Structure formats: C-alpha cells, structure tokens
Amino acid sequence: MKVGRNDPCPCGSGKKYKKCCLVKRQDREQTEDLKSYAARHQIRLKNDEQIEGIRKCGRLALETLDLVEAMLRPGMTTAQIDEFVHEFTIKNGARPAPLNYRGFPKSVCTSVNEVICHGIPGPRVLKDGDIINVDVTPILDGYYADVNKTFFVGTPGPEAKKIVAVARRCLQEGLAMVRAGNTIGDIGWAIQRYAESNGCSVVREFVGHGVGLDFHEPPQVPHYGNRGQGVRLVPGMVFTIEPMINLGGPELEILEDRWTAVTKDGSLSAQFEQTVLVKEKGWESLTPFEL
Ligand code: MF3
Ligand code: CO
Ligand code: CO
C-alpha cells in the first residue's frame, strides 16, 4: 500500500508523511548522491571523527608555526627551523609529513624570497628584510593538516610588504568562495582576479589539494581559473587553498636539488595556506588563523 504525502506518517509520529519520514528519506537519498558524486571524482569525504582528527592535527601545526615565528631572527639558518619543527612535532606525538616524502630530505619547507615553495632547510642564513614561507604538515593519529605562512625577517622593504599583503589577501579571496554548490573554478577565479588586478601573478605548476587521510588527495585546487568550472563543492570535502603569488611573472625554475622552485625572473614570491572543510552551510578552517 502506497503512503500519500499528506497521509499520517507510518512511523506513528502523528505528523503528515511529507513532514516526517518522507523528508528523512529524501535527505538520505541526497546524501547518497553526494557520496557517489565524490567517489566518481575519487574524493574521500570526511566524517565527523576524521574531521576532529584533522582539526586536532591543525592545532598542532598552528602551534608549531607560532613558535617558528617567535624564533625568527636575522643571522639564523633555515636548518635551525627544521631542527625545531622536527623536535617539536615528535615531542607532541606526531610525525613530520615532509620527511622522506617522495625523497624530500627535511621535516619542513622553508622558502626564502624568490623561492616559491619546497625550499629545503640548510645552511642558508636569514638576513634582515628577507621574507620566509614556512610550510608545516604534521601527521597526528594518522591525520594530516597542511598550513603555511610567510613571515618577515627583521624589517621588510616595500616590495616584501606588497607581495606578502597580496598573497595573504589571495587566500582570503579563495576562502570566501568556499560553499557547497560553488566549484573549484570559483576559488581559482577569485584568487587570480585579485592577484592580477594588483600587478602580481599566480603560479600554475603547484595547486591546492585534498588532504586529511593522506598528504595529497584529489581534488586538485588550482589558484587560477574560470567561474563555474571544475568539481562542485560538497559538504565533507577537506582541501587546501595555498596560492603562490609572484611580484613579477608566473614562470618558475626548479633547482638542481629537484625540489626548490624559484621565480624565473628572481622576483619575490609569497604564500599562505589553510586546510578548509566544506560544511552544509559555509566552511570551517581546520587550520584557522587571522588573515
Ligand atoms: N606542504 C606542501 C603543500 O602544501 C607540500 C610539501 S611536499 C614536501 O602541499 F615534500 F616538500 F614536503
Ligand atoms: Co598543501
Ligand atoms: Co603545505
């Protein structure tokens, strides 16, 4: 026997079927649709337990970054940053994801001035006026959170101030586009528009990425693009937005070490990264810091 929309609900609640279990059924079917949609794109939607794990890992990553910021001074080496991040991560029961990742030799990426990303910590001495991006990814209880900031060493000049301000705002512009129903392309579009309208350029070769159960998961999140293109955002998606913004042209070169990416024209490059969760309504940063 078929239950009509206006019939009393068979569950015995006394409410009409359409106000009771019919809604729940539609919800369930809707959720199933989203799951198969994500699966088609090989995207692993995260459940509440996993989200809490990534959030906790994010808190450790942010604490690490704060302590690195406090230790920065002209005259120190990037190797000292690596030693600190390594020790602090281990001390907190986590592991540094970069170490031995595809052969990366250190526990954190330190990218100074014209270095776009994947700078390898070493004997390089920081000097007054440098900018340095520090990118931290711990693995805590099997969960990954990925976050980075660009800091000033000593007193910044006008170019350093400009590129850091633009990169910071680019992440803000990208985050503002995150909501269920928008697309990956909307994020890149907003970032590219802001960067280029301020005379800066967006690096194409490196992109944001799904994260949480692994270091780099689908989908890719380009920091350029067109509105409405690419994968649609659904609740439970967790990915990074991490625009790399150059003061000059977007072209890059990879150094002999096969990791360090530098701007081809030698211009300054800056970056900010957060790990973000798409919610039913809006979004939440799992590595929240003020932009
Ligand atoms: N943390 C970087 C990112 O944001 C990846 C660094 S890979 C490494 O995706 F091997 F260099 F650590
Ligand atoms: Co990342
Ligand atoms: Co990162």
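The rules behind the values
- Residues numbered from 1 in each chain as written.
- Chains lettered and ligands numbered in written order.
- Predicted model: local features only at pLDDT ≥ 70, side-chain atom pairs only at ≥ 80, totals over all residues.
- Heavy atoms only, no water.
- Core = buried A, V, L, I, M, F, W, Y, C linked by side-chain atoms within 4.5 Å.
- Buried < 20%, exposed > 50% of the residue type's maximum accessible area, 1.4 Å probe, protein only.
- Contact = heavy atoms within 4.5 Å.
- Near = heavy atom within 4 Å.
- Polar contact = N/O pair within 3.5 Å; in protein donor to acceptor, adjacent residues only side chain to side chain.
- Areas by Shrake-Rupley, 256 points an atom, 1.4 Å probe, with all protein chains shown as cover.
- Nonpolar A, V, L, I, M, F, W, Y, C, P; charged D, E, K, R; others polar.
- Phe/Tyr/Trp six-rings, centres within 6.5 Å; stacked < 30°, edge-to-face > 60°.
- Helix = DSSP H or I, 4+ residues; strand = E, 2+ residues; numbered from the N terminus.
- Lys NZ or Arg CZ within 6 Å of the ring centre and 35° of its normal.

K.L.:
Hey, could you go over the nonpolar core for me, with residue numbers and the actual values?
P.N.:
Among the nonpolar cores identified, the biggest contains 54 residues, and I81, F239 and I245 are the most heavily contacted of them. When sequence neighbours within four positions are dropped, the list of residues in contact with I81 reads V68, M71, L72, M76, V108, T110, L126, I132 and V134.

K.L.:
Provide a residue-level description of the site of ligand 1, including the pertinent values.
P.N.:
Surveying the vicinity of ligand 1 reveals 14 residues, the closest of which are D135, D146, H209, H216 and E242. One of the side-chain nitrogen or oxygen atoms of H216 is found 2.8 Å away from an oxygen atom of ligand 1. Contacts to ligand 1 include E273, whose side-chain N or O atom sits 3.0 Å from an oxygen atom. In isolation ligand 1 exposes 340 Å². Once the protein is present, 96% of that is buried. Its residues assigned to classes, the shell around ligand 1 shows six nonpolar, four polar and four charged.

K.L.:
So, the packing of aromatic side chains: which residues are in play, and what are the values?
P.N.:
Enumeration according to the criterion identifies four aromatic pairs in this entry. Ring centres of F104 and W259 lie 5.1 Å apart, and the angle between their planes is 90°; this geometry places the pair in the edge-to-face category. A residue pair is termed long-range when its members are at least 10 positions apart, and F104 in the loop between strand 1 (95-96) and strand 2 (109-112) and W259 in the loop between strand 13 (252-254) and strand 14 (261-263) qualify at 155 residues. F104 gets classed as buried once you look at its relative accessible area, which sits at 2%. Take W259: its relative accessible area is 17%, and that puts it in the buried class. Put simply, the rings of Y101, Y144 and F215 pair up and form one aromatic cluster. The ring of F289 carries the charged tip of K149 above its face, separated from the ring centre by 4.6 Å. Across the ring face of Y224, the terminal group of R204 is positioned such that the distance to the ring centre comes to 4.4 Å.

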